Amino acid sequence: MTKPTWDEYFLNIAEAVSKRSSCTRRKVGAVLVFPNNRIAATGYNDAPDRKPGCEECPRSNPANTASVAPNAPYDAGGAGECSAIHAEQNILLDFPRQAMPGCTLYITEEPCPWCRKLIGATDISRVVTPTLQVLFDVPVTYIDVKDVPEGARVEAEPEPERSPHDVAEDIFNGGDE
């Protein structure tokens, strides 16, 4: 039996975490890991604490679907608006920012543009998705986990002259994403 790499291991944990989501469309999990390969925090997409989630969404209840226009966006407001917070957002809301430097964030899906901006405003060093897309590099490096030889170590370092804060500042100031 072959031991999984750390990236595979933590992506599998993120997949398990995603199963806590009540979302009926997509279940996303995330795991924040300290540089010493210890789990710092987990998160999944769902409604905020003490708020109703998909179980009370008009889209999930056939009796209420008439109040939601066909193909209506999930975040446009009004009837059928999704109340869920993304998996990455749940971690960023609950985990102390001062403890993030050097951490790696594992997510079961590629982060949306807004989550990329939020992550870019932290000191998280790496973000890994199932395709091992590592953020903050320009251009983005794509490595498929299936193509990595057994025992190989996959690393992608940010450009030395640009910190994640520099990238986030460019994004917030209207620069390239």
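Here, every reference points to the structure presented above.
As a starting point, this report considers the structure included with it.

Conventions used here
- Residues numbered from 1 in each chain as written.
- Predicted model: local features only at pLDDT ≥ 70, side-chain atom pairs only at ≥ 80, totals over all residues.
- Heavy atoms only, no water.
- Helix = DSSP H or I, 4+ residues; strand = E, 2+ residues; numbered from the N terminus.
- Buried < 20%, exposed > 50% of the residue type's maximum accessible area, 1.4 Å probe, protein only.
- Salt bridge = Lys/Arg side-chain N within 4 Å of Asp/Glu carboxyl O.
- Contact = heavy atoms within 4.5 Å.

Description of the environment of Val28
Moving on, step 1. Take Val28: it is sitting in the loop between helix H1 (6-18) and strand S1 (29-33).
Moving on, step 2. Note on Val28: relative accessible area 9%, which makes it buried.
Moving on, step 3. Taking the C-alpha atoms as reference points, Val28 and Pro111, separated by 83 residues in sequence, lie 9.8 Å from one another.

What about the pattern of salt bridges?
Moving on, step 1. Inspection of every chain in the model, using the stated rule, returns 4 salt bridges.
Moving on, step 2. In this structure, Arg26 engages Glu109 in a salt bridge whose closest nitrogen and oxygen atoms are separated by 3.9 Å. Residue Arg26 is located in the loop between H1 and S1, and its partner Glu109 is located in the loop between strand S3 (104-107) and helix H3 (113-120); the two are separated by 83 residues in the primary sequence.
Moving on, step 3. Residue Arg116 pairs with Glu110 through a salt bridge whose shortest N-O separation is 3.6 Å.

Focus on the side chain of Ser21
Moving on, step 1. As for its position among the elements, Ser21 is in the loop between H1 and S1.
Moving on, step 2. Aside from chain neighbours lying at most four places away, what touches Ser21 is Arg26, Lys27, Tyr44, Asn45 and Asp46.

What about the environment of Arg20?
Moving on, step 1. Along the chain, Arg20 turns up in the loop between H1 and S1.
Moving on, step 2. Along the sequence, Arg20 and Asn45 sit 25 residues apart, while their C-alpha atoms lie 8.4 Å from each other.
Moving on, step 3. When sequence neighbours within four positions are dropped, the list of residues in contact with Arg20 reads Tyr44 and Asp46.

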